2 protein chains.
Amino acid sequence: MSGNSRLYFEDMEEGHTVESASHTITAEEIDAFAALSGDNHLLHTDADYAATTPFGERIAHGMLVLSVATGLATKMGDLTGTVEAFTGVDWKFRAPVKIDDEVRVRLEVLKKRSMPGYDGGLVTFKAAILNQNERAVQKGTWTLLIRSRPSS
Amino acid sequence: MSGNSRLYFEDMEEGHTVESASHTITAEEIDAFAALSGDNHLLHTDADYAATTPFGERIAHGMLVLSVATGLATKMGDLTGTVEAFTGVDWKFRAPVKIDDEVRVRLEVLKKRSMPGYDGGLVTFKAAILNQNERAVQKGTWTLLIRSRPSS
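All of the points below concern the structure found in this document. (Residues numbered from 1 in each chain as written. Chains lettered and ligands numbered in written order. Predicted model: local features only at pLDDT ≥ 70, side-chain atom pairs only at ≥ 80, totals over all residues. Heavy atoms only, no water.)

### Comments concerning the overall build of chain A
Put simply, the rule is: Put simply, DSSP marks the helices as runs of H or I at least four residues long and the strands as runs of E at least two long, and each gets a number from the N terminus on. Note on classification: 1.4 Å probe, protein chains only; a residue is buried when its accessible area is under 20% of the maximum for its type, exposed when over 50%, partly exposed between these limits. Only heavy atoms enter the contact rule, under which two residues are in contact if any of them lie within 4.5 Å. In this description, accessible areas are obtained by the Shrake-Rupley approach with a 1.4 Å probe, and a residue is regarded as covered only by the protein chains that are shown.
Secondary structure summary: chain A contains 4 helices and 6 strands in total. What you see in chain A, going N to C, is helices and strands ordered as β-β-α-α-α-α-β-β-β-β. Taken across its 152 residues, chain A has 49% of its residues classed as buried. Taking as baseline every contact in chain A between residues at least 6 positions apart, the subset at least 24 positions apart corresponds to 70%. Accessible surface for chain A amounts to roughly 7,100 Å². Of this, 48% is attributable to carbon and sulfur atoms.

Set out below in structure tokens:
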């Protein structure tokens, strides 16, 4: 499923799949994430050190890639303005993301449940972050709080 | 458990608990994370909008707080230099973190297993991010790849 129609809680049917735009991970983003998170592991921050590892070059923090993916998700046309919060993630970091790799996120509705006292509910998605070679570099589930369609 | 002795894979016994230093979340960090992740939800970025919500003020992205916690973990004296990678998280975002809130992370060893062909193994921790009021604002498990003690 794709397109420009905004998706509300009522529209989240099991199996519905949406996919984000792509984003290229840069060296500057890795540096900025190291500064912000405080995770200055040399594998992320030091090209000379990284060259001595099996990766051969600097890799992005897994949490940077996941953070970028959540941002990509909030900007999907389908979900813009309807995602209220991330409430849970169950997640595996499977493969490295290197500088200039392109990542995007794919979300497939697994299940949903209404929230008492809230105009909407929780939707659990099967989620994967894919790179430019269609490899799922990270995967698992995300649970998001999504709004109901406004009554007209 | 605390102290300055470095912890290797062999030292990870069930129930061992370590706790990080505290970190104060700032408005500038929230702005930087919005720019880096692309998640510009108004609840994070617009004080006037946030004032109209039940939170009453801007809150940090849950993923920012989790990212800071991973950085705090890598800087714990016990774990500095022995954590090689984050391989998985199973995580609930439970309560908001606001500007000037102080967060720290507590890790308790749940289980461990050796990795064939790697000098160390995977350790799963029960993890919690606590605020200045001792409330667990985020919690779940982290699985980290941790090195063995170097042979002397």
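### A word on helix α4 (residues 62–75) of chain B
Each α-helix turn comprises 3.6 residues. Residues three or four places apart therefore point the same way. Residue and element names in this part refer to chain B. Note the threshold: One fewer than the residue count of a helix, multiplied by 1.5 Å, yields its expected span.
Under the 1.5 Å per step criterion, the end-to-end length of α4 is 20 Å for 14 residues, consistent within 8% with the ideal 20 Å. Burial runs high along α4: 12 of the 14 residues are buried. Of all the positions in α4, only Met63, Leu64, Val65, Leu66, Ser67, Val68, Ala69, Thr70, Gly71, Leu72, Ala73 and Thr74 are classed as buried.

### Details of the relation of the copies chain A and chain B
The line we're drawing: Superposition of the copies used a least-squares fit over C-alpha atoms from residues whose pLDDT is at least 70 in both.
Rotating chain A by 180 degrees and translating it 0.0 Å along the rotation axis places it on chain B, where the RMSD comes to 0.0 Å. Taken together, the rotation angle and the small translation identify this as a two-fold axis. Considering only C-alpha atoms, the residue of chain A closest to the rotation axis is Asp90(A), which sits at 2.0 Å. A share of 100% of interface residues in chain A that are also interface residues in chain B marks the association as one of identical surfaces.

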